[in-house]
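Now for the letters of each chain:
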Amino acid sequence: MEQNMRALSYPFDVKFILRKRKSIRSELLKNTELRDIKIAVLGGATTSEICSIAELFLLKSGFRPEFFQSDYGLYFETAVFDNASLKQFEPDLVFVHTTNVNITNAPILFASEDECNDCLSAEVSRYESIWDSLSNELGCLVIQNNFDLPRTRSLGGLDMTQHYGQSNFVLRLNLEFAAAARKRPNLIIQDIHHLSARLGLDQWFDEEYWFSYKLAVSHIGTVHLAHMFSNLVSGAYGKMRKCLVLDLDNTIWGGVIGDDSVDGIKLGQGSAHGEAFSSFQKYCHDLHARGVILAVCSKNELDTAKEGFSHPDSILNINDLSSIYANWEPKSDNIERIVNDLNIGLDSLVFVDDNPAERALVSSQLPPVAVPDLGSEVSRFTEFLDREGYFEATMIDIDDIRRTSFYAGNKDRTQHQSQFATYDEFLESLDMKAEIGSVNASNVERVAALTNKTNQYNLTTNRYTVADIEAMAYGDDYITLYGRLSDRFGDNGLVTVVSGKVKDFTLHIDLWLMSCRVLKRELELAMLDALVAKASGQGAKEIMGYYYRTPKNAMVENHYSRLGFELVSKADDETNSVWKLALTGYKTKNKVIREIKND
Amino acid sequence: MTEILAQLQPIFQDIFDQGDLEISRGSSAETVDGWDSLAHINLVSAIEQEFSIRFALGELEAMKDVGEMIDLMELKIGKSD
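Thresholds, definitions, all that
- Residues numbered from 1 in each chain as written.
- Chains lettered and ligands numbered in written order.
- Predicted model: local features only at pLDDT ≥ 70, side-chain atom pairs only at ≥ 80, totals over all residues.
- Heavy atoms only, no water.
- Helix = DSSP H or I, 4+ residues; strand = E, 2+ residues; numbered from the N terminus.
- Contact = heavy atoms within 4.5 Å.
- Buried < 20%, exposed > 50% of the residue type's maximum accessible area, 1.4 Å probe, protein only.
- Pairing = 2+ DSSP bridges.
- Axes fitted to C-alpha atoms, helices over the stretch in contact; angles between N-to-C directions.
- Buried area = accessible area lost by both parts, 1.4 Å probe.
- Salt bridge = Lys/Arg side-chain N within 4 Å of Asp/Glu carboxyl O.
- Nonpolar A, V, L, I, M, F, W, Y, C, P; charged D, E, K, R; others polar.
- Phe/Tyr/Trp six-rings, centres within 6.5 Å; stacked < 30°, edge-to-face > 60°.
- Lys NZ or Arg CZ within 6 Å of the ring centre and 35° of its normal.
- Polar contact = N/O pair within 3.5 Å; in protein donor to acceptor, adjacent residues only side chain to side chain.
- Patch = residues over 30% accessible without salt bridge, like charges linked within 9 Å, V, L, I, M, F, W, Y side chains within 5 Å.
- Areas by Shrake-Rupley, 256 points an atom, 1.4 Å probe, with all protein chains shown as cover.
- Lys, Arg positive; Asp, Glu negative; His and termini not counted.
- Charge placed at Lys NZ, Arg CZ, Asp CG, Glu CD.

Visitor: Would you take a moment to explain the side chain of A:Asn334 for this structure?
Guide: Checked against the element boundaries, A:Asn334 lands in helix H16 (residues 331–342). Excluding its chain neighbours within four sequence positions, the residues that come into contact with A:Asn334 are A:Cys297, A:Tyr325, A:Asn327 and A:Glu329.

This is how it looks when you write it as structure tokens:
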């Protein structure tokens, strides 16, 4: 099932879809909450392929289509004259699948400008009679292809320059179709001009399949076209997505704001990364301008998160956001809060995060939320979001954009089934493996670097040089442990360090830090288990932990209490606290990280 | 020759969505359930992709069964090596 869904997501697995379409179909048909829809396809080419693939995308979007297909090439006749069987079918919408090969009134070589205008009127009026007839007889929605450019041009570049050129004619036709759609509320233009250009005309059309099977679009083209069609149907039925939920760090700016501070994040001119993040922000801003709701769901302190929007190069403004959740709770919980605040359904959301583990959590816990698998390269985020066509609207409703509360309708919230009953179950599914050991020559530099840049999950915020770390690593009284964590999405690298000195049977911890990337993975429990084992080995009877408050490390205020330490003392202004853990009778705490390699 | 037939089995099984389908050299549109024109196009494109070959115009129209298809494929695969 997961593989089916992935194949049907951008970038589509065309080979898999084509070969497994029957089994994908039976799998998708198991969904019990499908909406029936009758679609008549009037084709200027063979339409069985496009119906068979469009069915898959429609099923994925919650529709169960039934198709009526005109006889090959009889799109005009079926629409205008011989439509008894079409009427009997009672379609909810009609798709007129015509392409470049169906143009019948193209100007001849050296035709005068007037003659070309006549050709244009003649071609457009053929389609007007199709749309009129469908509108009068059936009164339903019509989805009409515009035209792809010709693939070969005997005139070469002049084909576009001269008014009698075929390319020139196609552009004019497409503008006429666009004008018609603006006038006719029931007409939706499917922009295959864009689609074929995006794929490349050579990939869009396959001569042999046209000559042999009368397929006007190649197999690859068919998959993309079917997807576009399904999005238009969703849009026409108001089922497009309405809200974009954004992560912050390394999603809309480069770096971790809690560690790097607002001056240190990458955004804006000056670096390739900064420009890429700006460009993605611009796309999100444009979506917002056309009516898409923006929200934020980030693992950060709220104040720190908000600060990022005051960066001089931030295109997104804090006021563009309808809901912000920046805290340390699981993101799936925060997203439920967002839908509650905005009073929209989970199936209206698209969640964008550079971290694959966060994406997996949200898509498994909240299946109706769309979670594009957009990798971690910011330069491709826009592409993924754009190609999926989540926000495809068939008309722009200005009221929608002006509405102050953004989305007032009280839609029934779709019931969803979580794939995992508990957060623990999710953690187990990550198949986490840790490597915990004493800091050594191969990683002292990384460890020193971490002590200097980690601000949030850092109990003491002590900064160390490489020489300091070496002294600790090789000092007899010291225990200095590092931890690496990998999961089914890959290796997170060396992400945590704990260090302390044993003195009079007590281990005093003067360094405990962790990268926020692996927050809530219970890696700190595994670290404590390892630390306790080491400390006992060196004769310690108890461990003392220290928390020194800074403006950035409020998130670890309760670190030791969560680990089962007892509070020994707390400063009156609550800035610093001291904690104690007795080692007799200690029971290991980690349960979800399965394999732990020690040295 | 038998090797190509073995490689064709899973393709036929996927296209016709019949896990237990077993074709032989004698199989044809008449003997395999669901082998209509749509399935035919799917089959051809799947075979072309799997074996990285292209059938020329009209080649498949003249073929009467899977055996002839395999013979033709053998020639094409041999050439591309």
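More follows now that the structure is in view.
Visitor: Looking at this structure, how should I read the pairing of strand S12 (residues 490–503) of chain A?
Guide: A regular strand places its side chains on the two faces of the sheet in alternate fashion. Residue and element names in this part refer to chain A. Within S12, 10 of the 14 residues are buried, which leaves it mostly tucked inside the rest of the structure. Both strand S11 (residues 478–487) and S12 contribute to a ladder of 9 bridges, which runs antiparallel. Across the sheet, Asp487 pairs through a bridge with Gly490, a residue of S12. The turn linking S11 back onto S12 is made up of 2 residues. Where S12 and strand S13 (residues 506–514) come together, 8 bridges link them in antiparallel fashion. Paired with Gly500 across the bridge in S13 is Ile509. Counted between consecutive antiparallel strands, the loop separating S12 from S13 contains 2 residues, among which Asp504 sits at a positive phi close to 50°.

Visitor: Would you mind showing me how to read the sheet that holds strand S8 (residues 321–327) of chain A here?
Guide: Paired through backbone hydrogen bonds, the strands of a sheet run either parallel or antiparallel to each other. All names here are of chain A. What the 4 strands build is an open sheet, ordered S8-S7-S6-S9; its pairing is parallel. Since the sheet does not close on itself, it has two edges, and those belong to S8 and strand S9 (349–352), each with one partner. Sheet twist, expressed as the average angle between the axes of neighbouring strands with direction ignored, equals 15°. With 4 bridges joining them, strand S6 (residues 243–246) and strand S7 (residues 293–299) adopt parallel strand pairing. From the neighbouring strand, Leu246 faces S7, where its bridge partner is Val296.

Visitor: How do you make sense of the interface of chain A and chain B when you look at a structure like this?
Guide: Accessible area lost when the parts come together is the quantity often used to give the size of an interface. Contacts between the two partners involve 19 residues from chain A, matched on the other side by 21 residues from chain B. Buried area between chain A and chain B, summed over both chains or domains, comes out near 1700 Å², and the portion from carbon and sulfur atoms is 48%. Among the residues chain A hides against chain B, the three largest losses belong to A:Arg19, A:Lys22 and A:Tyr213. Together they make up 37% of the total. At the boundary of chain A and chain B, one finds 6 salt bridges. In this structure, the salt-bridge partner of A:Lys20 is B:Asp14, at a minimum N-O distance of 3.0 Å. When contributions to the side of chain A that touches chain B are tallied by element, the ones reaching two or more residues are helix H2 (14–28), helix H3 (48–60) and helix H11 (207–213) of chain A. Here the side of chain A that touches chain B is composed, by residue class, of 5 nonpolar, 6 polar and 8 charged.

Visitor: Which parts of the structure should I look at to understand the sheet that holds strand S4 (residues 141–145) of chain A?
Guide: All names here are of chain A. With respect to topology, 5 strands assemble into an open sheet ordered S2-S1-S3-S4-S5, the strand pairing being parallel. Lying at the two open borders of the sheet, with one neighbouring strand each, are strand S2 (63–69) and strand S5 (187–190). Between one strand axis and the next, the sheet turns by 25° as a mean value, whatever way the strands run. Inspection of the sheet shows S4 paired to S5 by 4 bridges, in the parallel sense. The residue bridging Val142 from the neighbouring strand is Leu187, located in S5.

Visitor: Is there a simple way to explain the packing of aromatic side chains in this structure?
Guide: Remark: the centre distance and the inter-plane angle together describe each pair of aromatic rings, the angle taken between the planes. Within the structure shown, the criterion is met by 24 aromatic pairs over all chains. For the pair B:Phe16 and B:Trp35, a centre-to-centre distance of 6.1 Å together with 55° between the ring planes defines the contact as tilted. Of this pair, B:Phe16 sits in the loop between helix H1 (2–15) and helix H2 (37–51) while B:Trp35 sits in the loop between H1 and H2; the two residues are 19 residues apart in sequence, bridging distant segments of the chain. Like B:Trp35, B:Phe16 is buried. Joined through ring pairs, the aromatic side chains of A:Tyr75, A:Tyr127, A:Trp131, A:Phe147 and A:Phe177 make up one cluster. Above the ring of A:Phe76, the side-chain terminus of A:Arg126 is found at 5.1 Å from the ring centroid. Taking NZ or CZ as reference, A:Lys239 lies 4.7 Å from the ring centre of A:Phe63, over its face.

Visitor: Explanation requested: the environment of B:Asp71 in the structure shown.
Guide: All names here are of chain B. Along the chain, the position of Asp71 falls in helix H3 (residues 66–80). Sequence separation of Asp71 and Phe16 is 55 residues, and the distance between their C-alpha atoms is 22 Å. Reaching out from Asp71, the side chain makes a polar contact with the side chain of Arg25 at a distance of 3.1 Å.

Visitor: Can you help me understand a negative patch on the surface in this one?
Guide: On the surface, a cluster of negative charge is contributed by A:Glu113, A:Asp114, A:Glu115 and A:Asp118. Its relative accessible area of 52% is what places A:Glu113 among the exposed residues.

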